Amino acid sequence: MRDNVIAICPGSFDPVTYGHLDIITRAAGMFKKLIVVVASNSSKNCCFTPEERVELIKKCITNLDNVEVVHYDGLLADYAAQVGATAIIKGLRAMSDFEYEFQMALTNRKLNNEVETVFLTTSAEYMYLSSSLVKEVARLGGDIKEFVPPCAAQDVVNKFERNDTHDR
């Protein structure tokens with residue numbers, strides 16, 4: 001771990017899953033400071049507001065002293081420059097993730113040549129896990145305890161109980 005390295009770990013985290021927390025925890029051990037960036041993505045239809053997503057992550061990472069969680073609604077390369085980050089951490093589940101993330105890494109490097117993208121492969125037990133899967137299971141009334149930590153699970157369940165139940 002270099003003393004002067006700040007890394008950012010972006011994502012939509014809608015909701016945060018054990019897979020996300022695996023990447024966040026491992027990245028926190030590699031860098032002096034890690035900033036988890038809850039990003040807005042116009043191509044995703046999020047269930048939780050950015051503020052709710054920030055709070056869910058904060059509840060789940062109380063044991064990580066060097067991790068900060070923020071919401072940012074702009075270019076990631078610009079945010080990295082603003083905070084002096086030299087690394088962007090991205091988790092990969094499969095080759096299909098790599099193609100998109102590789103394109104984003106090249107774009108971010110073009111926009112900010114001071115930042116490198118570091119890819120972490122997800123742990124094998126989380127390769128199948130996605131926020132979309134969690135939301136679908138929760139929407140249909142299934143048990144999500146294997147996918148989402150207890151600190152976030154009730155919030156996810158509550159979100160779907162408050163929404164119209166005629167979709168079930």
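Cut-off values and rules
Residues numbered from 1 in each chain as written. Predicted model: local features only at pLDDT ≥ 70, side-chain atom pairs only at ≥ 80, totals over all residues. Heavy atoms only, no water. Helix = DSSP H or I, 4+ residues; strand = E, 2+ residues; numbered from the N terminus. Rg over C-alpha atoms; globule rule 2.2 N^0.38 Å. Buried < 20%, exposed > 50% of the residue type's maximum accessible area, 1.4 Å probe, protein only. Contact = heavy atoms within 4.5 Å. 1 Å grid on protein atoms, 1.4 Å probe; cavity = no way out; pocket = protein on both sides within 12 Å on 5 of 7 lines; lining within 4 Å. Points joined across faces, edges and corners; volume = space filled by probe spheres on them. Nonpolar A, V, L, I, M, F, W, Y, C, P; charged D, E, K, R; others polar. Salt bridge = Lys/Arg side-chain N within 4 Å of Asp/Glu carboxyl O. Disulfide = S-S within 2.5 Å.

## Details of the overall build of the chain
Point 1. Looking only at helices and strands, one finds 6 helices and 5 strands in the chain.
Point 2. Ordered by position from the N terminus, the helices and strands of the chain form the series β-α-β-α-β-α-β-α-β-α-α.
Point 3. On C-alpha atoms alone, the chain measures out to a radius of gyration of 16 Å, which is about the 15 Å that the 2.2 N^0.38 rule sets for 168 residues.
Point 4. Dimensions along the principal axes, computed over C-alpha positions, put the chain at roughly 50 × 30 × 30 Å.
Point 5. The burial tally for the chain puts 44% of its 168 residues in the buried class.
Point 6. Contacts in the chain between residues far apart in sequence, at least 24 positions, make up 76% of those at least 6 positions apart.

## Some remarks on unusual backbone geometry
With glycine set apart, most residues show a phi of negative sign, and most peptide bonds adopt trans.
Point 1. The omega angle of the peptide bond from D14 to P15 is 0 degrees, so this bond is cis rather than trans.
Point 2. Within the chain, F13 stands out as a residue other than glycine whose phi angle is a positive 50 degrees.
Point 3. One can find F13 in the loop between β1 (6-11) and α1 (18-28).
Point 4. Look at F13 and you get buried, because its relative accessible area is 3%.

## With respect to the layout of surface pockets
Point 1. Within this model, the largest pocket holds a volume of roughly 1,200 Å³.
Point 2. Looking at the largest pocket, it is lined by 43 residues, and the ones nearest its centre are G11, S12, K44, K90 and E101.
Point 3. Where the lining of the largest pocket is concerned, the elements lending two or more residues are β1, α1, β2 (33-39), β4 (87-92), α4 (95-111) and α5 (131-139).
Point 4. Its residues assigned to classes, the lining of the largest pocket shows 18 nonpolar, 17 polar and 8 charged.

## Considerations on the pattern of salt bridges
Point 1. One pass over the structure, following the stated rule, counts 11 salt bridges.
Point 2. K135 serves as the salt-bridge partner of D14, at 2.9 Å between the closest nitrogen and oxygen. Taken as a pair, D14 in the loop between β1 and α1 and K135 in helix α5 lie far apart in primary sequence, 121 residues in all.
Point 3. Put simply, E116 and R109 hold a salt bridge, and the shortest N to O gap is 3.2 Å.

## Here's the deal with the environment of T86
Point 1. Note on placement: T86 falls in the loop between α3 (76-83) and β4.
Point 2. Accessibility expressed as a relative area gives 34% for T86, which makes it partly exposed.
Point 3. Residues T86 and T117, spaced 31 residues apart in sequence, show a C-alpha to C-alpha distance of 8.5 Å.
Point 4. Apart from residues no more than four positions distant in its own chain, T86 is found in contact with V5, I6, E114, V115 and E116.

## Notes on the state of the cysteines
Point 1. Inspection of the entire model under this criterion finds 1 disulfide.
Point 2. C9 carries a free sulfur, and the closest cysteine sulfur to it, the one in C60, is 14 Å from it.
Point 3. Cysteine C46 shares no disulfide, and the gap to the nearest cysteine sulfur, in C47, comes to 7.6 Å.
Point 4. Among the residues examined, C46 registers a relative accessible area of 28% and is labelled partly exposed.

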